[in-house]
Structures are given as structure tokens and as C-alpha cells.
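Residues per chain are reported as follows:
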Amino acid sequence: MGYAGGTKQSPTYHSLGDHTETVQIDYDPSRISYEELLRAFWTGHDPSYRSWSRQYASVIFVHNDEQLRLARKSKVQIEQERGKAVHTEIINYSGFTLAEGYHQKHGLRQFPEFAEELMRIYPSFADYVASTAVARLNGYLGGEGSYDALKKEADSLGLSPARKENLLRLVQRRGGSQTCSVPAAASIP
């Protein structure tokens, strides 16, 4: 989680300026396409809702002309499918400022026993926040992802056998019928 799109230098939650709260997704285009990421983006919120503040605006930050073309095309498709105006902005990426620690990995913060174990693997805060395994675990603990998907990747998350079993039980108890809204190939710092 972090801030982007504004001009204020070094934004913080309490001094955001003209930035928007956002996530940054690092992805491998050989494993997942930009179009697939856009589909996940559109299903993750109601783009017809007009935000009451810049802080919570719906924005796609594009890095190049091809992303701009695809984002615009997908916005038009969503407007046609839903029959409503889409208030999502499409803006050129100009940088990303990582949010303060207390805004990171909300799902994990609800389960400190998992966070503590992962912090032993990633002792640097920057490495912890940037870790794909940490992002995946945060998603599962936050209610995203299916039990079946977790079973397939649980060994790759770096958890001890006891924590892995605990995680599997938690996700199974939740119902485990949800599908992950952020593709497995994406890493959300």
C-alpha cells in the first residue's frame, strides 16, 4: 500500500497532498497479462462510484502507451457492459511512495503469529513488504483465495509445518470457496 499520482514530495497518511492511496503491482507478463490484471482491477470495486476525495479515487496508473491503450479500451468495455459511467481515472505513473508501516499487510497484522514468523525470514521491513510470499499470505488471511489454491502453494510460503497447518485450517474454516481477486503471479508490495 502506498501513495501515487500527486505532486507533494514524501506524502504520508496525515499529509497526503494530492496523492491517491493505491497499491503497486509488480508482475511477470510471461505469466499473466496486463489485460488479466485489468479484469481483476475492475471486479475489485464499483468503478461507477465517484469518490468523495482524491485520497480514495479509483485510478489506474499506466507506465507506457500500450498500458494506456489497454486501460482505456477496458474502461470503455466496462462502461458498455454495465451501462453506467465509469469514474476511474487513467493517469501516467510518476512514482510510488510506500505507506507507513502501520498501513502495510492488514491481514497479517490480525494474526501476529504469522507476521512474526515471516519477519524472521524477511528481517528487513522493505524485504518483508516486497515479498510475494508475504503478500500471498496477507491475502489468504484477509479473506482472499480459495482453500484449494492455498493447498497448492502452502509449501512455498515459507511457513513452519505448524503454521502452515494453522493457515490451512483457518482458510478451510472460512469456507474456502472464494477465489483470489489478485492473480498468483502478481506481487503487491
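Let me begin by describing the structure that accompanies this report. Numbering of residues starts from 1 in every chain and runs along the sequence as written. Local features in this predicted model are restricted to residues of pLDDT 70 or higher, and side-chain atom pairs are both shown and tallied only at a pLDDT of 80 or more, whereas totals for entire chains, interfaces and linings draw on every residue. Derived side-chain values reflect all non-hydrogen atoms in the structure, with water molecules and hydrogen atoms excluded from consideration.

Time to look at the layout of surface pockets. In this analysis, the protein atoms alone were mapped onto a 1 Å grid. Cavities are point sets where a 1.4 Å probe fits without being able to get out; pockets are open sets with protein on both sides within 12 Å along at least five of seven lines; lining residues have an atom within 4 Å of a point. Grid points are joined across faces, edges and corners, and a volume is the space filled by probe spheres set on the points. Looking at the second largest pocket, its volume works out to about 220 Å³. As for the second largest pocket, its lining consists of E35, L38, R39, W42, T43, L70, K73, S74, Q77, I78 and E81. A run of DSSP states H or I qualifies as a helix once it reaches four residues; a run of E qualifies as a strand once it reaches two. Both are numbered from the N-terminal end. It is helix α2 (residues 65–82) that contributes the most residues to the lining of the second largest pocket, six residues altogether. Along the lines of polarity and charge, the residues of the lining of the second largest pocket split into four nonpolar, three polar and four charged. Throughout this entry, Asp, Glu, Lys and Arg are counted as charged residues, while Ala, Val, Leu, Ile, Met, Phe, Trp, Tyr, Cys and Pro are counted as nonpolar. The remaining residues, Gly among them, count as polar.

This part covers the sheet that holds strand β5 (residues 96–98). One open sheet holds the three strands; their spatial order is β2-β1-β5, and the pairing between them is antiparallel. Of all strands in the sheet, those with a lone pairing partner are β2 (20–22) and β5, marking the two edges. Direction aside, the axes of adjacent strands within the sheet are offset by 35 degrees on average. Here, strands pair whenever DSSP counts at least two bridges between them. With three bridges connecting them, strand β1 (residues 2–4) and β2 associate as antiparallel partners. In the strand pairing of β2, A4 is matched with T20. Axis angles are defined between N-to-C directions and span 0 to 180 degrees, where every axis is a line fitted to C-alpha atoms and, for a helix, only to the segment in contact.

Quick look at the packing of helix α6 (residues 132–141) against helix α8 (residues 161–174) now. It is at 10 Å that the axes of α6 and α8 come closest, and there the two elements cross at 40 degrees. When the axis of α6 is compared with that of α8, the two are oblique. Seen from α6, the contacting residues are L137, Y140 and L141; seen from α8, they are L167, L170, V171 and R174. Classifying every residue of the contact of α6 with α8 gives six nonpolar, no polar and one charged. Note on angle classes: values under 35 degrees are labelled roughly parallel, values over 145 roughly antiparallel, values of 65 to 115 roughly perpendicular, and the remainder oblique. Residue contacts are counted whenever heavy atoms from the two residues lie within 4.5 Å of one another.

Looking at the element boundaries, S58 is found in the loop between α1 (34–43) and β3 (59–62). Pairs of N or O atoms within 3.5 Å make up the polar contacts considered here, provided that, within protein, one atom can donate a hydrogen while the other can accept it, and that residues adjacent in sequence are counted only when both atoms are side-chain atoms. Engagement of the side chain of S58 in a polar contact is seen with the side chain of H45, the distance being 2.9 Å. A distance of 2.7 Å separates the side chain of S58 from the side chain of T88, its partner in a polar contact. Beyond its immediate sequence surroundings of up to four residues, S58 is in contact with F41, H45, H87, T88 and E89.

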